Amino acid sequence: MSRFYLTTAIDYVNSRPHLGTAYEKVTADVIARYHRLRGVETHFLMGNDEHSQNVHRRALELGLDPIAYCDRMESEFRAVWRTLDVSFDDFIRTTEPRHRASVTRMLERIAERGDLYEGFYEGWYCVSCEAFKQEKDLVEGKCPVHHVEPKWLREKNHFFRLSNYRDALLSHFEAHPEFLQPEVRRNEIMRLLESGLEDISVSRSGQAWGIPMPQSPESVVYVWFDALINYASGVGYGTDETRFEAWWPADLHIVGKDITRFHSVFWPAMLMSAGVALPRQVFGHGWVHHRGERMSKTLGTTVDPLEAAERFGVDPLRLYFVKEIPYGQDGDFAYDRFEERYNVDLANNLGNLVSRVATMADKYRGGRLPATAGEPGRLPGAAEAVVGRYTEAMDRLALHEAAAAAFALVDAANEYITETEPWALARDPANADRLSQVLHETAEAVRIAAVLLSPVVPASADTVLARMGGPSATARRFDEATTWSTASERTVVLGPALWPRAEGGRLPGTHDRGEARAMTDSDSGKDAGESQPVPPAAAPAATPAPAADPRITFDAFMEIDLRVATVLAAEKVEKSRKLIKIEVDLGTERRTVVAGIAEAYAPEDLVGRTVVVVANLKPAKLMGIESNGMILAASLEGGIPALVRFDDPPPPPGTRVR
RNA sequence: GCCGGUGUAGCUCAGUUGGUUAGAGCACGCGGCUCAUAUCCGCGUUGUCCGGGGUUCAAGUCCCUGCACCGGCACCA
């Protein structure tokens, strides 16, 4: 039997999954379910990436052992995936022994090949910046920011000879155009390869959270190197060779478009070095924006997938992801659009279709539809064409086209009912056979549409299949399940509306829980301990965990020294778009502050104004100017800033603001 | 300033390797039906496919160029 091994990126556990993460897992799940439906033995791997410094820091902040913290996050992640019906076969964590063994093994192999060498990461290091500087960035041998001479620093590190693999990678890309998709991503990486590759550092010294470098336990494996290996360790590399032989190479890595480089350059080079076959395909999906804006964790503008699923249901959300966003491109999510798609595709079309077929079968035939005998109508042909389009689209990962194809069959069934007018046939007993046939054929078309949609909306498809009758629908394989079949009697079952029409932003009978709650980084970790596992649900999902208290203490606030200040002088910073250099009178002293408000204020308009300054902020260099403080302004992402101002007359400079 | 992305119907967007009168959904108008979740079906309206050059028998699609918007970074302390 053929096999299919599919992976998604593993996730950092420093915040809960947001809508974009959910998008990746759901679309991968659709692919996995499709292959299973086709009768292919499928292995679908997901997991968490835990060896990150952020994770370590976050755990310590919460007073938790890092592993304990990761345990909590794992249950959070699993709960979300369970709710969204993501059917992974295995879930790997990079802290697991099987993974550590695998990473060690691969590094040993790479070392044996001679592709690992100890070296010194060296370069100009600016102490003020706490960062290495490129030679080309220095101005007259000095740090362009701090105007100090940087030190030449050497830090011991392990390097991977990535540069050795440029040619091999290029020819692989040329020989296998399908290796990286979609095409845009492939072109980007081709250009990158053409411009050459440099060796990369694969270890970090002076850290304890990670996998120790073999033969060099004072340093740990750099996190991304560690993370990539999960795809191999997940199927037994270095721990279970039989299993590894059975599943490797992976057929498909589904990753975000930002990390295609890791997966299509670094990862294959590592595998080549270790003497392991390359994965067959890497697919870089796009972003899901929210109302046209990129979701940002730091700005708290992410959408909670559980909240979205709760509004109209898990399957409607899954359908939205698949049908409304061309796979491989960026897409947009908005609640009003979600509602529109819910009403149009599910309530009005598929749901209403199921309802009208079931009602007529019940009313005219007591639900029992005999085997058909007459000349079939146009639906069998329509179904066959749709199935062809569907598989063709699925096989090239055009998930949105596949979903659209399935809905074309729904449309055809609705049209067929209008054309044949079963209610008219029912008026004349002479048409009895004809009526039975029309209903049977329509039910069969709906059944096939449900089979096609089952990878996308698994729970709903099961319900539709049950309602449409037919022989043991779920047990059948794809080819058989999509073959037209009205040759035996079936029983169509009546039931409540699958998707009642939504209005005013929610389903009838649900309570308003308020607008979408923005997730923030602070709530993601702190509520980890309190939240309850969410039960699986086909339709309205469980309540998201309550947000943790993001408030700071009064003492923390009082640490910020806010002062009234008067602008004495202001000038635009040369060659800068946003920065203005401002001299302020703080009452007791003069300060130079650089503020990023040039897009909203002209320097000359600032002179004489009273502003609020954060007086005890550490200095920073911006465009070579040292800024001693920060001027408070309201700022919208992408919008223009607005300075905080006082009623007239303003308080004198130096007055504390609190 | 650098890099990347986008620009197609009122709105949200599709348009495969360049090929007949440029599409879908929503919205809007008219008509039909009554089995159905005020649902369904049919017909219809609106397009300088951002502008300008070019390649071609043929350009929404390829090349050059300009403009607009968006994002990231550089400079948001």
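Analysis parameters
Residues numbered from 1 in each chain as written. Chains lettered and ligands numbered in written order. Predicted model: local features only at pLDDT ≥ 70, side-chain atom pairs only at ≥ 80, totals over all residues. Heavy atoms only, no water. Helix = DSSP H or I, 4+ residues; strand = E, 2+ residues; numbered from the N terminus. Buried < 20%, exposed > 50% of the residue type's maximum accessible area, 1.4 Å probe, protein only. Contact = heavy atoms within 4.5 Å. Areas by Shrake-Rupley, 256 points an atom, 1.4 Å probe, with all protein chains shown as cover. Expected span 1.5 Å × (residues − 1). Arc of directions from axis to C-beta. Salt bridge = Lys/Arg side-chain N within 4 Å of Asp/Glu carboxyl O. Pairing = 2+ DSSP bridges. 1 Å grid on protein atoms, 1.4 Å probe; cavity = no way out; pocket = protein on both sides within 12 Å on 5 of 7 lines; lining within 4 Å. Points joined across faces, edges and corners; volume = space filled by probe spheres on them. Nonpolar A, V, L, I, M, F, W, Y, C, P; charged D, E, K, R; others polar. Near = heavy atom within 4 Å. Polar contact = N/O pair within 3.5 Å; in protein donor to acceptor, adjacent residues only side chain to side chain. Core = buried A, V, L, I, M, F, W, Y, C linked by side-chain atoms within 4.5 Å. Phe/Tyr/Trp six-rings, centres within 6.5 Å; stacked < 30°, edge-to-face > 60°. Lys NZ or Arg CZ within 6 Å of the ring centre and 35° of its normal. pLDDT = per-residue confidence, 0-100.

**Points about the overall build of chain A**
Scanning chain A from N- to C-terminus turns up 22 helices and 30 strands. Across the 658 residues of chain A, 53% fall into the buried class. Of the contacts formed within chain A by residues at least 6 apart in sequence, a portion of 74% connects residues at least 24 apart. Summing over all exposed atoms, chain A offers an accessible surface of approximately 29500 Å²; the carbon and sulfur share of this is 50%.

**Some details on helix α14 (residues 379-395)**
Taking 1.5 Å of rise per residue, 17 residues should cover 24 Å, and α14 covers 24 Å from first to last C-alpha, within 8% of that figure. When α14 is considered as a whole, its buried residues turn out to be L379, P380, A383, V386, V387, Y390, T391, A393 and M394. All buried residues of α14 fall inside an arc of 160° around its axis, so they share one side. In this structure, α14 carries E384 and D395 as exposed residues pointing more than 90 degrees from its buried face. Taken together, the buried residues of α14 touch α1 (19-37), α15 (399-420), α17 (432-453) and α19 (478-481). L397 lies just past α14 and shows a positive phi near 60°.

**A few points about the pattern of salt bridges**
Opposite charge on two side chains permits pairing when their charged atoms draw close. Applying the stated criterion across every chain, the model contains 36 salt bridges. Put simply, E324 and R341 hold a salt bridge, and the shortest N to O gap is 3.5 Å. Within this pair, whereas E324 is found in helix α12 (residues 314-324), its partner R341 is found in helix α13 (residues 335-365), the two being separated by 17 residues in sequence. Note that R396 is salt-bridged to E401, the shortest N-O span being 2.7 Å.

**Observations regarding the sheet that holds strand β11 (residues 212-213)**
The antiparallel open sheet is built from three strands, whose spatial order is β10-β12-β11. With partners counted over all chains shown, the strands left at the sheet margins are β10 (203-205) and β11, one partner each. Pairing of β10 with strand β12 (residues 216-221) involves three bridges; the strand directions are antiparallel. Bridge assignment links R204 to a residue of β12, and that residue is V220.

**Comments concerning empty space enclosed by the protein**
Counting across every chain of the model gives two cavities of 30 Å³ or more. There is about 60 Å³ of room inside the largest cavity. The wall of the largest cavity is formed by P316, L319, Y320, K323, E324, F338, R341, Y342, D345 and L346. Taken together, the elements giving at least two residues each to the lining of the largest cavity come down to α12 and α13. Across the lining of the largest cavity, the residue classes tally to six nonpolar, no polar and four charged.

**What about the protein's contact with RNA strand B?**
Contacts to RNA strand B come from 43 residues, most closely from R341, N352, R501, L617 and G629. Among the atoms of RNA strand B close to the protein, meaning within 4 Å, 68% are from sugar or phosphate groups. Contact between RNA strand B and G351: a base oxygen at 3.2 Å from a main-chain N or O atom of the residue. Take W499: an N or O atom from its main chain is 2.7 Å from a base nitrogen of RNA strand B. Of all the secondary-structure elements, those providing two or more residues to the surface near RNA strand B are α13, α15, β23 (590-595) and β25 (620-622). Here the residues of the surface near RNA strand B sort into 18 nonpolar, 13 polar and twelve charged.

**Some points on the side chain of S216**
As for its placement among the helices and strands, S216 is situated in strand β12. Ignoring anything within four residues of it in the chain, the contact list for S216 reads E118 and H158.

**Thoughts on the nonpolar core**
Counting residues in each nonpolar core, the largest one holds 106 residues, and the members touching the most others are I31, W81, L84, L317 and F333. Discounting residues that sit within four places of it in the chain, L84 has contacts with A22, V26, P305, A309, V314, L317 and R318. Within the second largest apolar cluster, 52 residues are counted, among which are Y5, V103, Y165 and L278.

**Details of the environment of R506**
Structurally, R506 can be placed in the loop between β19 (490-491) and β20 (518-519). Residue class for R506 comes out buried when judged on its relative accessible area of 14%. With 440 residues separating them in the primary sequence, R506 and P66 have C-alpha atoms 40 Å apart.

**Overview of helix α6 (residues 183-194)**
Given 3.6 residues to a turn, an α-helix orients residues that are three or four positions apart in the same direction. Here α6 contains twelve residues, and its C-alpha end-to-end distance of 16 Å stays within 8% of the 16 Å for a straight helix at 1.5 Å per residue. Residues R185, R186, I189, M190 and L193 constitute the buried set of α6. For α6, the angular spread of buried residues about the axis comes to 135°, placing them on one side. Next to the buried residues of α6 lie α5 (166-175), β8 (180-181), α10 (260-274) and β14 (282-285). In the stretch just after α6, G196 is the one whose phi turns positive, near 100°.

**Examining the packing of aromatic side chains**
Applying the stated criterion across every chain, the model contains 28 aromatic pairs. Consider the rings of Y23 and Y327, whose centres lie 6.3 Å apart with planes at 70°: the pair is edge-to-face. Linking Y23 in helix α1 with Y327 in the loop between α12 and β17 (331-333), this pair joins segments that are 304 residues apart in sequence. Exposure class is identical for Y23 and Y327. Each is buried. With centroids separated by 5.6 Å and ring planes inclined at 15°, the aromatic side chains of F244 and W248 adopt a geometry described as stacked. Both residues of the pair, F244 and W248, belong to the buried class. Ring pairs connect the aromatic residues F160, Y165, Y222, W224, F225, F262 and F266, which therefore count as one cluster. The side chain of R105 reaches across the aromatic face of Y237, ending 5.9 Å from its centre.

**Some remarks on unusual backbone geometry**
Omega for the peptide link from W248 to P249 comes to 0°, which places this bond in the cis form. Relative to the assigned elements, P249 resides in the loop between α9 (241-247) and β13 (252-256). For D85, which is not glycine, the phi torsion reads 60° and is therefore positive. Checked against the element boundaries, D85 lands in the loop between α3 (66-83) and β4 (90-93). The phi dihedral of L397 is positive, around 60°, even though this residue is not glycine. Position of L397 among the secondary structure elements: in the loop between α14 and α15. For L397, a relative accessible area of 8% translates into the label buried.

**Some thoughts on the confidence of the model for chain A**
Interpretation of this model should avoid reading the predicted coordinates in detail wherever pLDDT is low. Model confidence for chain A is summarised by a mean pLDDT of 81, while 82% of its residues fall at 70 or above. Put simply, helix α20 (residues 521-526) is where chain A has its lowest mean pLDDT, 31, and β4 is where it has its highest, 98. Considering only residues more than four positions removed or in separate chains, one finds that residues 511-550, a stretch of pLDDT under 50, has 91 contacts. Among the scores for the predicted complex, ipTM is 0.82 and pTM is 0.77.

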